Amino acid sequence: MTVKDRLRVHETKLLSDNWYVLKTTRFDWKRRDGTWQTQHREHYDRGNGAALLPYNLANRTVLMVKQFRYPAFVNGYDDLLIEAAAGLLDDAEPEVRIRAEVEEELGYRLGEVRPVFRAFMSPGSVTEILHFFVAEYDAAMRIGDGGGHPDEGEDIEVLEPTIDEALAMIADGRIRDAKTIMLLQHLALTVFRAP
């Protein structure tokens, strides 16, 4: 039995189409015991995105961004958020879009970009699938200062910690962004692992 066989949608209403799309839906869900239960859920559709963490194996460093995130602030986080470079796809292919984001945010034009996984980041309320990438970088790939687009409200600082410093930032709470933690752990397990 598929999810389609267990779902009967009754009504979907648009709540907001301001920044992205927020809808509420009333549906019946067929439970494991065979009974139907009516539920109401809101879901936020902001499109799909991509994130990339560049690494330099010889120097044992990674490139990340540091920027203001209003939702994190209103939830009690009174600091700038440290993150992997990321952005919405805006109808582009994930690799094409993430290359552009890395150039805008970090100031690097990368060579080979390697996809590592895709994941729902908050599937209880947000429809977004995030495409995760890693790529090697070196100083010769730098084409600018990065920093993002001020006209889009971006005010981005570029960070270049070692992998050990970045992992310590997870442990002490300086890095709290899920996509960044996932990519740092991936690199620690697959690229920077001990011989």
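In what follows, the structure referred to is the one given above.
Note that the coordinates shown come from a computational prediction; the quantities given were computed from them, not determined experimentally. (Residues numbered from 1 in each chain as written. Predicted model: local features only at pLDDT ≥ 70, side-chain atom pairs only at ≥ 80, totals over all residues. Heavy atoms only, no water.)

Draft legend 1. Molecular detail of the nonpolar core. Counting residues in hydrophobic clusters, the biggest one holds 23 residues, and the most contacted among them are Leu53, Val62, Met64, Leu184 and Leu187. Those elements that place two or more of their residues in this core are strand S4 (49-56), strand S10 (129-136), helix H3 (163-171) and helix H4 (178-190). If you tally residues by element for this core, the top one is H3, at four residues. Aside from chain neighbours lying at most four places away, what touches valine 62 is Leu53, Pro54, Tyr55, Tyr137, Leu159, Glu160, Pro161, Ile163, Ala166, Leu184, Leu187 and Phe192. In terms of nonpolar packing, the next biggest core, distinct from the first, is built from 17 residues, Ala50, Val102, Tyr137 and Ile156 among them. (Core = buried A, V, L, I, M, F, W, Y, C linked by side-chain atoms within 4.5 Å. Buried < 20%, exposed > 50% of the residue type's maximum accessible area, 1.4 Å probe, protein only. Helix = DSSP H or I, 4+ residues; strand = E, 2+ residues; numbered from the N terminus. Contact = heavy atoms within 4.5 Å.)

Draft legend 2. Structural view of the pairing of S10. Summarising burial for S10: six of the eight residues are buried, a large majority. Of the strand pairs in this sheet, S4 and S10 are connected by seven bridges, and their pairing is parallel. In the sheet register, alanine 51 faces S10, and the bridge partner there is phenylalanine 132. Sheet analysis places strand S9 (residues 114-120) next to S10, joined by six bridges and oriented antiparallel. Following the sheet pairing, proline 115 is matched in S10 by phenylalanine 133. (Pairing = 2+ DSSP bridges.)

Draft legend 3. Representation of the sheet that holds strand S7 (residues 81-83) within the structure. Read across the sheet, three strands follow the order S7-S6-S11 without closing on themselves; strand pairing throughout is antiparallel. Every interior strand has two partners, whereas the edge strands, S7 and strand S11 (157-159), have only one. This sheet shows a mean twist of 30° between the axes of neighbouring strands, independent of strand direction. Sheet topology places strand S6 (residues 64-67) next to S7; three bridges connect them, and they run antiparallel. In the strand pairing of S7, lysine 66 is matched with isoleucine 82. (Axes fitted to C-alpha atoms, helices over the stretch in contact; angles between N-to-C directions.)

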